[in-house]
Amino acid sequence: MIVWSSKKLEKELASSALSEWDKVKYVLFLAIVEVLLGGPIFLVRPHYGEKASSSPFIVLLGGLAMALATYFGLRLAYRANRNIDDKSFIERFAILSVPVTMKFIVFFVPGLVAFSFPIWLISRTWVDLKPYTGLLFRMVFPFIMLWFYGIIAKSISRFGELKCSRDP
């Protein structure tokens, strides 16, 4: 399995070198990584007191913003695939998102810590700002998700260029 290099994986997929079982392994790998990240994130996110630090309205707006970012990001990736041949989008998206997800985890998590540390310091100094830290993260994360999907869309486009150059 190629889990780091998008370009190598794009070449493998374009040359039809992946068996169906190899493709399933990518989907399984991605599903397992997402499940593992979904639960433990609650162990490391900031908590202030015993109740949530954001109002239900802010949580709702943040959820709506993430849903919109997901919609527009997936649509961007779908359009990149449609420009190729409009086939096998789910398969291509799942497989080509594995290296992007791995790089995202390796680089984004330390970046998130680096982003969070100054905010934590400021909120300790100015206690009145603590309730707004959740809002700040809810404003930033949709843009990060759009960026993530944009990288996957670019990988799909590169795959399409390789596929079209190989097809007669």
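Everything that follows concerns the structure shown earlier in this document.
Conventions used here
Residues numbered from 1 in each chain as written. Predicted model: local features only at pLDDT ≥ 70, side-chain atom pairs only at ≥ 80, totals over all residues. Heavy atoms only, no water. Core = buried A, V, L, I, M, F, W, Y, C linked by side-chain atoms within 4.5 Å. Buried < 20%, exposed > 50% of the residue type's maximum accessible area, 1.4 Å probe, protein only. Helix = DSSP H or I, 4+ residues; strand = E, 2+ residues; numbered from the N terminus. Contact = heavy atoms within 4.5 Å. Expected span 1.5 Å × (residues − 1). Patch = residues over 30% accessible without salt bridge, like charges linked within 9 Å, V, L, I, M, F, W, Y side chains within 5 Å. Areas by Shrake-Rupley, 256 points an atom, 1.4 Å probe, with all protein chains shown as cover. Salt bridge = Lys/Arg side-chain N within 4 Å of Asp/Glu carboxyl O. Lys, Arg positive; Asp, Glu negative; His and termini not counted. Charge placed at Lys NZ, Arg CZ, Asp CG, Glu CD. Phe/Tyr/Trp six-rings, centres within 6.5 Å; stacked < 30°, edge-to-face > 60°.

A.B. asks: In this structure, what is going on with the nonpolar core? I would like to understand it.
C.D. replies: Generally speaking, soluble globular proteins have nonpolar side chains that are buried together. Phe93, Phe148, Ile152 and Ile156 are the most contacted members of the largest nonpolar core, which totals 25 residues. If you list the elements that add at least two residues to this core, you get helix H1 (6–14), helix H2 (20–38), helix H4 (56–82), helix H5 (89–125) and helix H6 (130–166). In this structure Phe93 touches Leu74, Ala77, Tyr149, Ile152 and Ile156, once residues within four positions along its chain are discounted.

A.B. asks: Help me out: how do you make sense of H4 in this one?
C.D. replies: The α-helix winds at 3.6 residues per turn, so residues separated by three or four positions along the chain end up facing the same way. In this model H4 runs 38 Å from its N-terminal to its C-terminal C-alpha over 27 residues, within 8% of the 39 Å that 1.5 Å per residue would give. Among all positions of H4, only Ile58, Gly62, Ala69, Gly73, Ala77, Ala80 and Asn81 are buried.

A.B. asks: Explain a positive patch on the surface to me, please; I cannot follow it from the model alone.
C.D. replies: Taken together, the side chains of Lys7, Lys8, Lys11, Lys154 and Arg166 present a region of like positive charge at the surface. Residue assignment for the positive patch shows that the elements contributing at least two residues are H1 and H6. A per-element tally of the positive patch places H1 first, with three residues. As for its placement among the helices and strands, Arg166 is situated in helix H6.

A.B. asks: What is the right way to read the packing of aromatic side chains from this model?
C.D. replies: Each pair of aromatic rings is reported with the distance of its centres and the angle of its planes. Scanning the entire structure with this criterion turns up ten aromatic pairs. Ring centres of Trp4 and Phe107 lie 5.9 Å apart, and the angle between their planes is 55°; on these two criteria the pair is classed as tilted. Taken as a pair, Trp4 in the segment before H1 and Phe107 in helix H5 lie far apart in primary sequence, 103 residues in all. Accessibility expressed as a relative area gives 57% for Phe107, which makes it exposed.

A.B. asks: Sorry, what's going on with the pattern of salt bridges here?
C.D. replies: Oppositely charged side chains can pair when the atoms bearing their charge come close. What the rule picks out here adds up to five salt bridges. Glu10 serves as the salt-bridge partner of Arg158, at 2.8 Å between the closest nitrogen and oxygen. In this pair, Arg158 sits in helix H6 while Glu10 sits in helix H1, placing the two residues 148 residues apart along the sequence. The exposure class assigned to Glu10 is buried, which follows from its relative accessible area of 2%. Where Asp22 meets Lys25, a salt bridge forms, and the shortest distance between an N and an O atom there is 3.5 Å. Of this pair, Asp22 and Lys25 both sit in helix H2, separated by three residues, roughly a single helical turn. Using a relative accessible area of 29% as the deciding quantity, one classes Lys25 as partly exposed. Taken together, the salt bridges that share partners define one network made up of Glu20, Lys23 and Glu91.

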